[in-house]
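Breakdown of the fold
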Amino acid sequence: MSLRRPSKDQPENFEFNKSSLEAAKSIVAKYPEGKQQSAVMSLLYIAQRQNNNWIPLAAMKYIAKFLDMPYIKVYEVATFYTMYNLSPVGKFFVQVCTTTPCMIRGANKLVEACKEKISENESELLSDKDCSWMEVECLGACVNAPMIQINDDYYEDLDKEKTLKILDKILKGENPKPGSYRGRVNNEPENSRKTLMDLKNA
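Parameters and conventions
- Residues numbered from 1 in each chain as written.
- Predicted model: local features only at pLDDT ≥ 70, side-chain atom pairs only at ≥ 80, totals over all residues.
- Heavy atoms only, no water.
- Helix = DSSP H or I, 4+ residues; strand = E, 2+ residues; numbered from the N terminus.
- Buried < 20%, exposed > 50% of the residue type's maximum accessible area, 1.4 Å probe, protein only.
- Contact = heavy atoms within 4.5 Å.
- Areas by Shrake-Rupley, 256 points an atom, 1.4 Å probe, with all protein chains shown as cover.
- Lys, Arg positive; Asp, Glu negative; His and termini not counted.
- Charge placed at Lys NZ, Arg CZ, Asp CG, Glu CD.
- Salt bridge = Lys/Arg side-chain N within 4 Å of Asp/Glu carboxyl O.
- Patch = residues over 30% accessible without salt bridge, like charges linked within 9 Å, V, L, I, M, F, W, Y side chains within 5 Å.
- Core = buried A, V, L, I, M, F, W, Y, C linked by side-chain atoms within 4.5 Å.

Broken down by element type, the protein chain carries 7 helices and 5 strands. Counting helices and strands in the order they occur from the N terminus, the protein chain gives α-α-α-α-β-α-α-β-β-β-α-β. Its C-alpha atoms give the protein chain principal-axis dimensions of about 55 × 50 × 35 Å. Taken over 202 residues, the protein chain has a buried fraction of 39%. Sequence separation of at least 24 residues holds for 65% of the intrachain contacts in the protein chain that already meet a minimum separation of 6. For the protein chain, the computed accessible surface area is about 12,400 Å², with 49% contributed by carbon and sulfur atoms. Across the protein chain, 28 positive and 27 negative side-chain charges occur, with their mean positions spaced 3 Å apart.

In C-alpha cells form, the structure reads like this:
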C-alpha cells in the first residue's frame, strides 16, 4: 500500500456543525461507558462528509478531544483506511473500480471517460475544484461490473457512453440516479433468466 500523506494545505480550525454534532452524539451514546473511542471511525466519516469529502488534521484533533483519546490514535486510523480522504477530492469524488471483474468488462473505458471529462491525471481536482477521480480496488459490486462510485452512490452496468452522461450531470451539479444502467434490479440475472426453478429445495 502506498504511503498516504495529509494535504499540505490545511484549515486552522474544524468543529462539527449542528447536524454532524447530533449524529456524533447519537453514535457515541450507543457505546458503553469508557468505550466511546470505538466510535472513532464513524466520527471520521461524519467529519469527511461535512468537510466536502476529506478530513483535515484539525478534524482529527477535534475528534480526539471529542472522544477523549490521543490524537495520534485518530491519526493512525484516518491514515490507515483508504476510505478516508486526506486531501481535497471535490464535491463529487469519482472512484473507478479496475479490479479483474470490472476490468474484463470494460473498466478501462470508464477510466477514459474520467480522463476526458475530469482530468487526465488521477487525484487531480478539476479547475473549479469540484470533482476528481481515481482508480480503486474492488468495490464489491462485481456482478454488475463495470461500475463506479460517486460519493456514497454506486453506478453499475456501465459503458463509456453512459459514464460520460453521468459525469456530465454531476459536472452540472445534478445528482444522477444510482443503480444499474442496464435496467436490472439489484443483482438479478439479465434478460429475466431463471435458474434452478425445477429444484424444489434450491
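For the rest of this paragraph, the subject is the pattern of salt bridges. Proximity of charged atoms lets side chains of opposite charge pair with each other. According to the stated counting rule, one finds 7 salt bridges in the structure shown. We note a salt bridge from Glu112 to Lys109, for which the minimum N-O separation is 3.8 Å. Placement of the pair is Glu112 and Lys109 together in helix α6 (residues 107-117), with a separation of 3 residues, close to one helical turn. On the basis of relative accessibility, which here comes to 38%, the residue Lys109 falls in the partly exposed class. Taking the shortest distance from any N to any O, the salt bridge between Glu161 and Lys165 comes out at 3.6 Å. With Glu161 and Lys165 both in helix α7 (residues 160-171) and 4 residues apart, this pair spans about one turn of that helix. Across the pair, Lys165 and Glu161 agree in class, each one exposed.

Here the focus is a nonpolar patch on the surface. Judged by side-chain polarity, Phe80, Tyr81 and Met83 come together as a nonpolar surface patch covering roughly 310 Å² of accessible area. Mapped onto the fold, Phe80 is located in helix α4 (residues 71-80).

Before going further, it helps to examine the nonpolar core. A general trend in soluble globular proteins is that nonpolar side chains are found buried together. Counting residues in each nonpolar core, the largest one holds 24 residues, and the members touching the most others are Phe16, Val40, Leu43, Leu44, Ile63, Leu67 and Val74. Looking at this core, the elements with two or more residues in it are α1 (18-28), α2 (40-50), α3 (57-66) and α4. Setting aside anything within four residues of it in sequence, one finds Val74 in contact with Val40, Leu44, Met60, Ile63, Ala64 and Met69. In this structure, Val94, Ile150, Leu158 and Leu167 belong to the second largest nonpolar core, which totals 19 residues.

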